[in-house]
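Survey of secondary and tertiary structure
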Amino acid sequence: MLNGINIPERIRIDTDKGAVLPACVYVGTHVAEPGVIKQKGGNGRIIFGDDRIKGAKAAVQTAAILKELSINCDYLPNPDLEIWTKYLFIAAYGTVTSATGKTLGEVYESNQLKSHVKAIMTEIVELASQKGVEFEEMEIMRSLDKAKSFPFEAKTSFQRDFENPLKKNEKELFVDNLLAISEEFKVNVPMIKHYNLLLQDRAQ
């Protein structure tokens, strides 16, 4: 359940074995120390679907196992909209928190930074439509307000990794991937480009 919108395709480049289920999870966690994972937000909801090459068998079996264990999950044969919906939130907020050094709460309470998050989300929705994924009209506002469900001091996973120069961060999955899609479909994404430059400056 890795962050991103093309994870199964990336995995399939390296292996044709097993089942690869497109999935996402709503949970806010971090590694407090080796062997200790702390949850600071989210409801732990897992959403997954069919292997895009091998079909539904593994997904149906996985759904049965998770439900038997009372794990909060939803099996959707095609979960692309759900995956993009989570991506809409984490890519936009992750980019802005990483570039500014502000927490989720600080970004949400700043009219300027919140407007930047909204602009990035608007650009992501346009890119999603080019990939055949259509959002409901109010999804940007719903995703914008999801920050309220996390503690004020919470940091995004992108931000936590970005602030540690020894760790690989998620810029490739979020900013770089979005820029690649914008180039593929010739869609202008000025706010994503602006934050890409900010991230490059901060990384130096």
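In this report, the structure presented in the accompanying data block is examined. (Residues numbered from 1 in each chain as written. Predicted model: local features only at pLDDT ≥ 70, side-chain atom pairs only at ≥ 80, totals over all residues. Heavy atoms only, no water.)

**Comments concerning the overall build of the protein chain**
Counting its regular elements, the protein chain contains nine helices and three strands. Going from N to C terminus, the protein chain has its helices and strands arranged as α-β-β-α-β-α-α-α-α-α-α-α. For a compact globule of 204 residues, the expected C-alpha radius of gyration is about 17 Å, and the protein chain comes in at 17 Å, within 12% of that figure. Seen along its three principal axes, the alpha-carbon backbone of the protein chain occupies a region of about 45 × 40 × 35 Å. The proportion of buried residues among the 204 residues of the protein chain is 42%. The contacts of the protein chain with a sequence gap of at least 6 include a subset with a gap of at least 24, amounting to 69%. With an accessible surface of roughly 11,100 Å², the protein chain has 53% of that area assigned to carbon and sulfur atoms. Taking the average location of the 26 positive side-chain charges in the protein chain and that of its 28 negative ones, the two points are 3 Å from each other. (Helix = DSSP H or I, 4+ residues; strand = E, 2+ residues; numbered from the N terminus. Rg over C-alpha atoms; globule rule 2.2 N^0.38 Å. Buried < 20%, exposed > 50% of the residue type's maximum accessible area, 1.4 Å probe, protein only. Contact = heavy atoms within 4.5 Å. Areas by Shrake-Rupley, 256 points an atom, 1.4 Å probe, with all protein chains shown as cover. Lys, Arg positive; Asp, Glu negative; His and termini not counted. Charge placed at Lys NZ, Arg CZ, Asp CG, Glu CD.)

**Here's the deal with the packing of helix α5 (residues 111-130) against helix α8 (residues 172-185)**
The relative placement of two packed helices comes down to the angle between their axes together with the axis-to-axis distance. Axis separation between α5 and α8 bottoms out at 10 Å; the angle between their running directions is 55°. Relative to α8, the element α5 is oriented oblique. Where α5 crosses over α8, the handedness of that crossing is left-handed. Across from Ile 124, Leu 127 and Gln 130 in α5, the residues of α8 making contact are Leu 178, Ile 181, Ser 182 and Phe 185. (Axes fitted to C-alpha atoms, helices over the stretch in contact; angles between N-to-C directions. Parallel < 35°, antiparallel > 145°, perpendicular 65-115°, else oblique. Left-handed = near helix turned anticlockwise from the far one by under 90°.)

**Quick look at unusual backbone geometry**
Unusually for a residue other than glycine, Ser 70 sits at a positive phi of about 60°. With respect to the element layout, Ser 70 can be found in the loop between α2 (57-68) and β3 (73-75). The class of Ser 70 is exposed, set by a relative accessible area of 66%. Non-glycine residue Lys 186 carries a positive phi angle of around 55°.

**Some thoughts on a nonpolar patch on the surface**
On the surface, a cluster of nonpolar side chains totalling about 270 Å² of accessible area is made up of Ile 65, Leu 69 and Ile 71. With respect to the element layout, Leu 69 can be found in the loop between α2 and β3. (Patch = residues over 30% accessible without salt bridge, like charges linked within 9 Å, V, L, I, M, F, W, Y side chains within 5 Å. Salt bridge = Lys/Arg side-chain N within 4 Å of Asp/Glu carboxyl O.)

Geometric values such as these leave the question of function open.
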